[in-house]
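Read off the chains here:
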Amino acid sequence: MTTLNIDPALERNRAFAAAGGHKDAVVFPSLRLFVVTCLDPRVDPAHFLGLGLSDAMVVRNVGGRVTPEVINDVAFISQITESVMPDGPLFEVAVIHHTQCGAGALADDAFRRRYAERISADESTIREHAVVDPIQSVTHDVERLRSSPAISPRVAVSGHVYDVVTGLVQTICRS
Ligand SMILES: [Zn+2]
């Protein structure tokens, strides 16, 4: 059988299961936290936020942007949580953008045009997904999530920037 890139990871999985790493996991995240961040391999919240198994829900995409799909995911979790917690705060969504983000490439006209063609998307929508100034884009995304009618006011929303050079997260806004 051909060797696949996932093989070393599958080996780690067998060790994980053998050590019982999965046994204390719970379905409702123990930190009541929902993280939205970039898929960049340097930006893995299990590492830079020290998240253990079932500590948080995590959605990662290019740039860690609050897209319509991300809003739908938060709305879905809200609806499930509301059914078990009729009152009080539900959970916090932490949107985390980062320095040196590859999503900056979407600000480049030639790159963006080619990409828009490739995925049959509207170029102007894609321009909004660029992360050039992470403080600005995370502030924008927190506002986008906060103002969505699909998101309950019982959900807290915060915005942060992770610096890949210092390893530190800076909080930009909370709402
Ligand atoms: Zn990124």
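Residues numbered from 1 in each chain as written. Predicted model: local features only at pLDDT ≥ 70, side-chain atom pairs only at ≥ 80, totals over all residues. Heavy atoms only, no water.

1. Let's talk about the overall build of the protein
We apply this condition: Numbering of helices and strands runs from the N terminus; a helix is a DSSP stretch of H or I covering at least four residues, while a strand is a stretch of E covering at least two. Should any heavy atoms of two residues lie within 4.5 Å, those residues are counted as being in contact. Working convention for charge: Lys and Arg count positive, Asp and Glu count negative, and His plus the chain ends are omitted. In this description, the location of a charge corresponds to atom NZ of lysine, CZ of arginine, CG of aspartate or CD of glutamate.
If you tally the helices and strands in the protein, you get six helices and five strands. Ordered by position in the sequence, the α and β elements of the protein form the string α-β-α-β-α-β-α-α-α-β-β. Based on the C-alpha atoms only, the size of the protein along its principal axes is roughly 55 × 50 × 35 Å. Here the analysis covers contacts within the protein between residues at least 6 apart in sequence; of these, 64% occur between residues at least 24 apart. Treating the 16 positive side-chain charges of the protein as one cloud and the 21 negative ones as another, the clouds have centres 2 Å apart.

2. Describing the coordination of the zinc ion
Put simply, the rule reads: Donor atoms (N, O, S) are those found within 2.8 Å of the metal centre, with the cutoff raised to 3.2 Å for Na, K and Ca; water is not part of the atom list, so apparent gaps in a site can occur. With a 1.4 Å probe rolled over the protein chains alone, any residue whose accessible area is under 20% of its type maximum counts as buried; one over 50% counts as exposed, and the rest are partly exposed.
Taken together, Cys38 (SG), His98 (NE2) and Cys101 (SG) make up the full set of protein donors to the zinc ion, lying 2.0 to 2.2 Å away. Mapped onto the polypeptide sequence, the residues donating to the zinc ion form the spacing pattern C-x59-H-x2-C. Each member of the pair, His98 together with Cys101, is buried.

3. As for the nonpolar core
Our working definition: Throughout this description, the term nonpolar core refers to a set of buried Ala, Val, Leu, Ile, Met, Phe, Trp, Tyr and Cys residues connected via side-chain atoms within 4.5 Å.
With 23 residues, the main nonpolar core has Phe34, Val74, Phe91, Val93, Val95, Leu145 and Ile151 as its most contacted residues. Residue assignment for this core shows that the elements contributing at least two residues are β1 (33–38), β2 (56–61), α3 (68–84), β3 (92–98), α6 (134–146) and β4 (156–162). It is α3 that contributes the most residues to this core, five residues altogether. Core analysis: the next-biggest nonpolar cluster, separate from the first, contains nine residues, Val43, Phe48, Leu51 and Val164 among them.

4. Brief notes about the pairing of β3
Within a regular strand, the side chains alternate between the two sheet faces. Put simply, the test is: Strand pairing follows a simple DSSP-based rule, namely that at least 2 bridges must link the two strands.
Counting buried positions along β3 yields six of seven residues, so the element is predominantly enclosed. The sheet contact formed by β1 and β3 spans five bridges and is parallel. The residue of β3 that forms the bridge with Phe34 is Val93. The pairing of β3 with β4 spans seven bridges and is parallel. Counterpart to Glu92 in the pairing with β4 is Ala156.

5. Remarks on the pairing of β4
The element β4 is largely enclosed, with a buried count of six among its seven residues. Relative to strand β5 (residues 169–174), β4 runs antiparallel, the two being bridged by five bridges. Within β5, the residue paired with Tyr162 across the bridge is Val169.

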